[in-house]
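Overview (structure and organization)
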Amino acid sequence: MSFPTKEDRNLCWSARDRYWECLNKNGIIDSKDDRGPCLEFRKLYEKSCSAQWVKHFDRRRNYLQFKEKIEKHGYEPLDERSQEH
């Protein structure tokens, strides 16, 4: 396994940032959305980054969105009845 160079990392991060910007601009929540206006950005992102990095960054975006939602709106406790089997 070879390590990515600084140039490789910058290329990946730039593609990721452009993809995330497109998702945010278009109000797309699912970072794995393979349709719509961000498809070309997604393809470039996947081409520019290793599959492991894509997986990591997709999870990271989901976490950051969840965190932002909790900070803005708080959380809703689970209904005790929904926990019964």
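If you're wondering where the values come from, they're calculated on a predicted model, not measured in any experiment.

1. What to know about the overall build of the protein
Counting its regular elements, the protein contains four helices and zero strands. For the protein, the sequential pattern of α-helices and β-strands runs α-α-α-α. Here the protein holds 85 residues, and the buried ones make up 22% of them. Contacts spanning at least 24 positions in sequence make up 57% of the contacts within the protein whose residues lie at least 6 apart. In the form shown here, the protein has an accessible surface area of approximately 7300 Å², with 52% of it arising from carbon and sulfur atoms.

2. Overview of the packing of helix α1 (residues 6–25) against helix α2 (residues 39–48)
It is the contact of α1 with α2, at a shortest axis distance of 8 Å, that shows an interaxial angle of 155°. In terms of orientation, α1 lies roughly antiparallel with respect to α2. The handedness of the crossing between α1 and α2 comes out as left-handed. When α1 is examined against α2, the residues D8, L11, C12, A15, R16, R18, Y19 and C22 are found in contact with a partner set consisting of F41, R42, L44, Y45 and S48. The residue makeup of the contact of α1 with α2, split by class, is eight nonpolar, one polar and four charged.

3. Focus on a nonpolar patch on the surface
Judged by side-chain polarity, Y63, L64, F66, I70 and Y75 come together as a nonpolar surface patch covering roughly 530 Å² of accessible area. Tracing the chain through its elements places Y75 in the loop between α3 (51–73) and α4 (80–83). Using a relative accessible area of 62% as the deciding quantity, one classes Y75 as exposed.

4. Examining the state of the cysteines
Put plainly, a disulfide is one covalent bond tying together the sulfur atoms of two cysteines. Scanning all chains against the criterion turns up two disulfides. Linked covalently through their sulfurs, C12 and C49 form a disulfide whose S-S length is 1.9 Å. Between C12 and C49 the sulfur-sulfur dihedral comes to about 110°; the bridge is accordingly right-handed. Taken together, the positions of C12 in helix α1 and C49 in the loop between α2 and α3 put the pair 37 residues apart, joining distant regions of the chain. The same class applies to C12 and to C49, which are both buried. A sulfur-sulfur separation of 2.1 Å characterises the disulfide bridge that pairs C22 with C38. Disulfide C22 to C38: torsion about the S-S bond roughly -95°, handedness left-handed. One end of the pair, C22, is in helix α1; the other, C38, is in the loop between α1 and α2, with 16 residues separating them in the sequence.

What counts, and at which threshold
Residues numbered from 1 in each chain as written. Predicted model: local features only at pLDDT ≥ 70, side-chain atom pairs only at ≥ 80, totals over all residues. Heavy atoms only, no water. Helix = DSSP H or I, 4+ residues; strand = E, 2+ residues; numbered from the N terminus. Buried < 20%, exposed > 50% of the residue type's maximum accessible area, 1.4 Å probe, protein only. Contact = heavy atoms within 4.5 Å. Areas by Shrake-Rupley, 256 points an atom, 1.4 Å probe, with all protein chains shown as cover. Axes fitted to C-alpha atoms, helices over the stretch in contact; angles between N-to-C directions. Parallel < 35°, antiparallel > 145°, perpendicular 65-115°, else oblique. Left-handed = near helix turned anticlockwise from the far one by under 90°. Nonpolar A, V, L, I, M, F, W, Y, C, P; charged D, E, K, R; others polar. Patch = residues over 30% accessible without salt bridge, like charges linked within 9 Å, V, L, I, M, F, W, Y side chains within 5 Å. Salt bridge = Lys/Arg side-chain N within 4 Å of Asp/Glu carboxyl O. Disulfide = S-S within 2.5 Å.

These results come straight from atomic positions and should not be treated as a statement about function.
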